[in-house]
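Residue strings, one per chain:
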Amino acid sequence: MKNPFGMLPLACLSIAVLFLLFAFYYPLAVLFQQASWPGVLDLVRDPYYAKVIRFTYLQAAYSTLLCAIVGIPGAFLYAEAGERYRRFLSALGLFPFALPPVLLALGVLSVWGKRGLVAPFFGEGYSGVYGWTGILMAHVIYNFPIFIRLLGVSLAQQGSLEEKTALSLGLGRWRCFWAVTFRKSWRAFLSSCLLVFVLCSSSFLIVLLLGGGPKFTSIEVAIYQAIRQDFDLATAVGLGVTQAGVLVGTLWLLGNRTDLGGEGGSFRYLESPWARRFAFTGYSALIVFFVLLPLGYLLARGFTGLATHWRSFLAPLSVSVKLALGCATLSTSLGLCAAFGMRGGYSRALGSIAASYFFLPLALSSILVLLAWRLSYPSSLGSPFLCVVIAQSVFALALNIRPLREGFARIHPEAEKVASSLGAGKWGLFFWVQAPLLRGPLFLAMVLGASFSLGEAGSVLIFADASTKNLTATLYDAMSRYRFDEAFGLGSMLLSLVVLLSLLASALEERGSQWKV
Amino acid sequence: MYWPIFFFWGSAAFALPNELTVYTYDSFTGAGSLGESLSALSKKKTGCTTKFVPFATAGEALSQVALEGPKTAADILVGVDQSLRARADALAFDELPPSLFSKLQSGLEPKASRRWLPFDYGYLSIVYDDRRKDVPPPGMTLMGFATHPAYKKRLVLEDARTSSLGRSLLTWTQSVFPKAEYATFWTSLFQQVLTVSPGWSAAYGLFLSQEADFVFSYTTSPAYHIEKELNPHIKAMIFPEGNFRQIEMAGILKSSKQKKCAVKWLELLSSTKIQSEVPRRQWMYPARSGVKLPTSFTSLPVPTKVIDAPENAAQADAELVRQWTQFAAGLK
């Protein structure tokens with residue numbers, strides 16, 4: 001069929017490309033121009049930085065492996081579960097983006113720390129989970145829900161025809177899952193691994209707070225030190241290039257393809273009610289113990305602060321909500337433009353370049369990006385609010401472009417063909433065929449954008465004035481002034497907001513998937 | 001299309017007449033801060049308005065000034081301490097009028113150049129809660145604390161790689177200990193360390209949540225708990241070797257087009273009115289002499305020996321920090 005949209009996809013893609021060009025690549029160019037370029041190879045040869053680089057990717061690889069071990073059963077159960085349990089599992093997926101790491105670290109320590117809930121069981125000599133244990137545990141708590149979000153949703157939509165055929169030909173259920181079902185979603189699995197790897201390799205506060213000391217230095221910490229303490233731009237840029245090079249290379253290897261959906265629904269492996277109950281209860285217990293208990297502690301600890309200071313929280317709450325809506329709308333609109341523009345018609349290499357172009361903001365040290373913005377746009381003369389929304393959308397776009405691309409990939413060409421033959425023009429095709437079929441991915445993209453905005457403070461600190469501080473920035477501010485009760489109160493409010501958003505998103509997503517053809 | 005906003009957004013910052021641009025750390029600005037109070041007073045008394053550009057730390061604000069070079073939008077930089085001063089001195093800051101320094105407490109007057117006006121100070125210390133076990137006895141030395149078996153894995157300190165307070169600790173201990181003892185001190189102290197935090201906020205959070213029993217902070221930290229929580233149990237250690245005095249300063253950029261306003265602004269910063277607000281807003285001592293302190297401050301013990309960084313002290317450099325990381329990793 002002839003492309004019914006003509007030049008429209010290219011025009012849409014150009015909008016998203018130009019946005020990133022001005023909001024991300026131009027500031028980066030300004031920063032790189034300032035730095036006298038070091039030999040990146042010399043940096044890698046330096047034994048200290050070689051160790052830093054080795055540690056960064058080693059901890060990210062271990063964290064990814066552990067997240068996969070915990071996340072795959074969760075994704076499997078997501079595909080097996082009913083609506084309610086799915087909502088519960090997918091609600092967890094927003095915490096990594098919306099919860100400030102310092103709060104999560106304090107929550108983890110409340111359970112696993114030296115004076116934590118479990119400490120009495122380990123005796124007097126117990127000194128907490130600092131070191132590898134703490135880093136890996138926090139990374140798993142933070143990131144395993146990503147597997148549920150990406151892999152679980154993919155598994156749930158792959159259909160059941162092949163499984164039924166394989167089982168009828170005598171394949172065991174265990175082998176059938178790995179050889180047939182999992183294989184159909186392997187790109188979603190790789191996407192999950194990549195995203196977790198990227199997030200863990202740029203982890204900063206978790207490594208510092210739970211690592212327990214300077215023997216754990218990640219690239220992000222070294223960049224922070226180079227920029228903010230030593231003012232050594234050359235080293236910072238060199239490390240940033242190394243970091244971005246590795247991650248963009250990984251993305252390149254992953255390629256440009258997305259998982260295509262099946263006929264919807266999924267094959268149910270757990271037939272016996274006993275096995276279902278055992279699996280769901282066991283996994284829920286694991287989540288309660290490792291995830292909900294630390295988060296529950298944060299809620300409980302913040303209750304006093306929330307009860308006392310709630311009136312003063314209303315202003316940052318209102319800012320947070322407005323910023324979240326702004327970021328969700330802008331990043332989703334741009335994501336939609338980009339995904340629409342990248343839809344088919346390109347070689348794999350060109351597709352990979354486009355994917356890397358949008359993904360790079362997530363792969364590069366946020367400290368380096370913030371510095372680049374400071375340098376390029378020192379003053380937010382237009383509107384501080386708009387500046388923050390634009391800055392946050394740069395990162396949110398990198399997060400939400402994949403679900404949107406997968407959404408487009410799942411639209412059956414037959415549906416467009418039928419609509420075209422019935423006389424639908426390009427706008428009719430978009431509004432009456434594509435848009436309704438994209439509701440699920442659109443909700444997910446909006447929610448990812450909003451969640452990212454809720455937890456983000458860097459751009460708020462750069463561009464916002466005193467009247468546009470969101471909950472997270474106000475929380476850090478309260479902590480720096482001894483007002484820890486207030487900080488935990490703000491944390492509770494933030495957490496409650498994320499929970500509400502998650503539940504709303506899951507409900508909307510569920511409804512969106514019912515509209516899917 | 002959103003991109004046109006960038007041309008407007010990205011155009012160089014232009015200052016309004018009589019508007020001062022002040023680069024500083026975040027907690028100096030915002031509701032209830034010293035900066036807010038000073039900004040209101042400046043507008044009322046001089047007609048000069050203040051535009052704060054807050055950064056996470058004063059070090060970051062200084063880096064921004066350096067990055068922007070002679071075209072910097074900043075008129076004033078607030079928050080430079082001794083650990084940042086060598087870096088700040090390499091940039092173009094103006095000599096300040098001598099009258100600004102006339103009311104400073106003794107020991108705070110600059111010895112060489114007058115480019116930096118001290119506006120508050122505090123003494124570094126180890127802070128503890130006297131309701132927890134093994135309270136340090138009065139007169140305990142820094143080395144005594146570092147080697148005492150009862151304090152093993154009970155201290156949280158700030159990371160010298162990411163915190164200027166952490167770097168001040170290196171300067172302090174370098175001033176106190178000869179080279180051989182310096183290594184022994186840090187090797188021993190790391191036995192007492194439960195964890196190292198990225199900055200003061202997280203470290204103090206761990207101390208308050210009882211994860212750690214000791215934290216590196218200021219001798220004035222207990223004043224907050226006395227004043228706001230009526231809690232007299234938070235105490236700071238006074239060391240016989242001396243406590244390091246951290247002085248926060250402000251300076252005017254040579255490139256400033258608002259020199260008159262900037263000088264008036266610093267005059268107000270060192271005025272009795274604003275200086276009397278320093279204790280309750282900054283939780284530090286005011287730099288001006290003769291300012292009445294609140295009761296929560298007058299009840300605090302004051303160091304018997306004060307360690308000041310030498311005037312020309314270089315910032316603890318990357319090599320020193322690397323050496324410190326090796327102590328932490330047990331490699332030295």
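Residues numbered from 1 in each chain as written. Chains lettered and ligands numbered in written order. Predicted model: local features only at pLDDT ≥ 70, side-chain atom pairs only at ≥ 80, totals over all residues. Heavy atoms only, no water.

Peer 1: Account for the overall build of chain A, with residues named and values stated.
Peer 2: In terms of regular secondary structure, chain A is built from 24 helices and zero strands. Residue burial in chain A is summarised as follows: out of 517 residues, 62% are buried. A sequence separation of at least 24 residues applies to 85% of the contacts in chain A between residues at least 6 apart. (Helix = DSSP H or I, 4+ residues; strand = E, 2+ residues; numbered from the N terminus. Buried < 20%, exposed > 50% of the residue type's maximum accessible area, 1.4 Å probe, protein only. Contact = heavy atoms within 4.5 Å.)

Peer 1: An account of the overall build of chain B is requested, with residue identities and associated values reported.
Peer 2: The helix and strand inventory of chain B stands at 14 helices and eleven strands. For 332 residues, the compact-globule estimate of 2.2 N^0.38 gives 20 Å, and the C-alpha radius of gyration of chain B, at 21 Å, lies within 12% of that figure. Its C-alpha atoms put chain B at 60 × 45 × 45 Å along the principal axes. Across the 332 residues that make up chain B, the buried fraction comes to 60%. Looking at chain B alone, contacts between residues at least 24 apart form 78% of all its contacts between residues at least 6 apart. Carbon and sulfur atoms form 56% of the exposed surface of chain B, whose accessible area is close to 12,800 Å². The positive charge centre, built from 36 side chains, and the negative charge centre, built from 30, are 4 Å apart in chain B. (Rg over C-alpha atoms; globule rule 2.2 N^0.38 Å. Areas by Shrake-Rupley, 256 points an atom, 1.4 Å probe, with all protein chains shown as cover. Lys, Arg positive; Asp, Glu negative; His and termini not counted. Charge placed at Lys NZ, Arg CZ, Asp CG, Glu CD.)

Peer 1: Which residues make up the packing of aromatic side chains, and what are the values?
Peer 2: Applying the stated criterion across every chain yields a total of 52 aromatic pairs over all chains. Here the aromatic rings of Tyr57(A) and Phe197(A) are separated by 5.9 Å at their centres, their planes lie at 20°, and the arrangement is stacked. Of this pair, Tyr57(A) sits in helix 3 (residues 47–80) while Phe197(A) sits in helix 11 (residues 186–201), and the two are 140 residues apart along the sequence. Comparing Tyr57(A) with Phe197(A) shows no difference in burial state: the two are buried. Summarising the aromatic geometry, the rings of Trp186(B) and Trp324(B) are spaced 6.1 Å apart at their centres and angled 85° between planes, so their arrangement reads as edge-to-face. Highlighted residues: Trp186(B) in helix 7 (residues 179–192) and Trp324(B) in helix 14 (residues 318–328), separated in sequence by 138 residues. For the pair Trp186(B) and Trp324(B), a shared accessibility class is recorded, and that class is buried. Here the guanidinium or amino end of Arg114(B) rests over the ring plane of Phe101(B), the centre of that ring lying 5.2 Å away. (Phe/Tyr/Trp six-rings, centres within 6.5 Å; stacked < 30°, edge-to-face > 60°. Lys NZ or Arg CZ within 6 Å of the ring centre and 35° of its normal.)

Peer 1: Residue-level account of the interface of chain A and chain B, with values.
Peer 2: Tallying the contact residues gives 64 residues for chain A and 75 residues for chain B. Of the roughly 6,000 Å² buried between chain A and chain B on both sides combined, carbon and sulfur atoms contribute 61%. At the boundary of chain A with chain B, the tally comes to one salt bridge. In this structure, Asp213(B) and Arg115(A) form a salt bridge, with 3.1 Å as the shortest nitrogen-oxygen distance. Our count for the contact surface shared by chain A and chain B stands at seven residue pairs in polar contact (both at pLDDT 80 or more). Of all the elements, helix 13 (residues 219–229) of chain A adds the most residues to the side of chain A that touches chain B, at six residues. The residue inventory of the side of chain A that touches chain B, partitioned by class, reads 37 nonpolar, 13 polar and 14 charged. (Buried area = accessible area lost by both parts, 1.4 Å probe. Salt bridge = Lys/Arg side-chain N within 4 Å of Asp/Glu carboxyl O. Polar contact = N/O pair within 3.5 Å; in protein donor to acceptor, adjacent residues only side chain to side chain. Nonpolar A, V, L, I, M, F, W, Y, C, P; charged D, E, K, R; others polar.)

Peer 1: Tell me about unusual backbone geometry, residues and numbers included.
Peer 2: Peptide bonds are mostly trans, and most non-glycine residues show a negative phi. Residues and elements named next belong to chain B. For Asp134, which is not glycine, the phi torsion reads 55° and is therefore positive. Relative to the assigned elements, Asp134 resides in the loop between strand 4 (117–129) and helix 5 (142–147). Of note, the phi angle at Gln210 is positive, near 70°, even though the residue is not glycine.

Peer 1: Go over the state of the cysteines with me, naming the residues and quoting the values.
Peer 2: All names here are of chain A. Per the counting criterion, the structure on display carries one disulfide over all chains. Here Cys327 is not disulfide-linked; the sulfur of Cys387 is the nearest cysteine sulfur, at 14 Å. Looking at Cys327, the relative accessible area reads 0%, which means it is buried. No disulfide involves Cys337; its sulfur sits 4.6 Å from that of Cys12, the nearest cysteine. (Disulfide = S-S within 2.5 Å.)

Peer 1: Would you mind going over a nonpolar patch on the surface in detail, with residue names and values included?
Peer 2: All names here are of chain A. The grouping of Leu58, Tyr62 and Trp132 at the surface amounts to a nonpolar patch, some 270 Å² of accessible area in total. Take Trp132: it is sitting in helix 8 (residues 132–156). The partly exposed category is assigned to Trp132, whose relative accessible area is 31%. (Patch = residues over 30% accessible without salt bridge, like charges linked within 9 Å, V, L, I, M, F, W, Y side chains within 5 Å.)

Peer 1: Break down the pattern of salt bridges for me, with residues and values.
Peer 2: Where charged atoms from two side chains of opposite charge come close, those side chains can pair. One pass over the full model with this rule turns up 17 salt bridges over all chains. A salt bridge links Arg276(A) to Glu80(A); the shortest N-O distance between them is 3.4 Å. Of the two residues, Arg276(A) is situated in helix 15 (residues 273–341) and Glu80(A) in helix 3; the sequence distance between them amounts to 196 residues. Per residue, the accessibility class of Arg276(A) equals that of Glu80(A), and both read buried. With a closest N to O distance of 2.7 Å, Arg154(B) and Asp213(B) form a salt bridge. Of this pair, Arg154(B) sits in the loop between helix 5 and strand 5 (155–158) while Asp213(B) is found in the loop between helix 8 (200–208) and strand 7 (214–218), placing the two residues 59 residues apart along the sequence.

Peer 1: Lay out the pairing of strand 7 of chain B in plain terms, naming residues and giving numbers.
Peer 2: Residue and element names in this part refer to chain B. Burial within strand 7 is extensive, with five of its five residues counted as buried. Alignment of strand 4 against strand 7, held across five bridges, turns out to be antiparallel. For Ile126, the partnering residue across the bridge sits in strand 7 and is Phe216. Where strand 5 lies against strand 7, two bridges are found, and the strand directions are parallel. (Pairing = 2+ DSSP bridges.)

Peer 1: Give a detailed account of the nonpolar core, specifying residues and quantitative values.
Peer 2: The tendency in soluble globular proteins is for nonpolar side chains to be buried as a group. Membership of the largest hydrophobic core comes to 285 residues, with the highest contact counts inside it found for Phe358(A), Leu77(B), Trp186(B), Trp265(B), Leu266(B) and Leu269(B). Counting residues per element, this core draws most heavily on helix 15 of chain A, at 20 residues. With sequence-adjacent residues up to four places away left out, Leu266(B) is seen in contact with Ile76(B), Leu96(B), Leu100(B), Leu117(B), Ala250(B) and Ile252(B). (Core = buried A, V, L, I, M, F, W, Y, C linked by side-chain atoms within 4.5 Å.)

Peer 1: I'd like a description of helix 2 (residues 34–46) of chain B, backed by residues and values.
Peer 2: Residue and element names in this part refer to chain B. Compared with an ideal rise of 1.5 Å per residue, which puts 13 residues at 18 Å, helix 2 spans 17 Å between its outermost C-alpha atoms and is within 8% of the ideal. Along helix 2, the residues classified as buried are Leu34, Gly35, Ser37, Leu38, Ser39, Leu41 and Ser42. Where helix 2 is buried, its residues meet strand 2 (49–55), helix 10 (259–269), helix 11 (272–275) and helix 12 (278–282). One or two steps after helix 2, the chain reaches Gly47, where phi turns positive at roughly 80°. (Expected span 1.5 Å × (residues − 1).)

Peer 1: Mind laying out the pairing of strand 9 (residues 243–252) of chain B, listing which residues take part and the relevant values?
Peer 2: All names here are of chain B. Burial analysis of strand 9 places ten of its ten residues in the buried class, which makes it a mostly covered element. As paired elements, strand 3 (residues 76–80) and strand 9 share four bridges and run antiparallel to each other. Along strand 9, the bridge assignment pairs Ile76 with Ile252. Sheet topology places strand 4 next to strand 9; six bridges connect them, and they run antiparallel. Among the inter-strand pairings, Tyr121 is bridged to a residue of strand 9, identified as Ile247.

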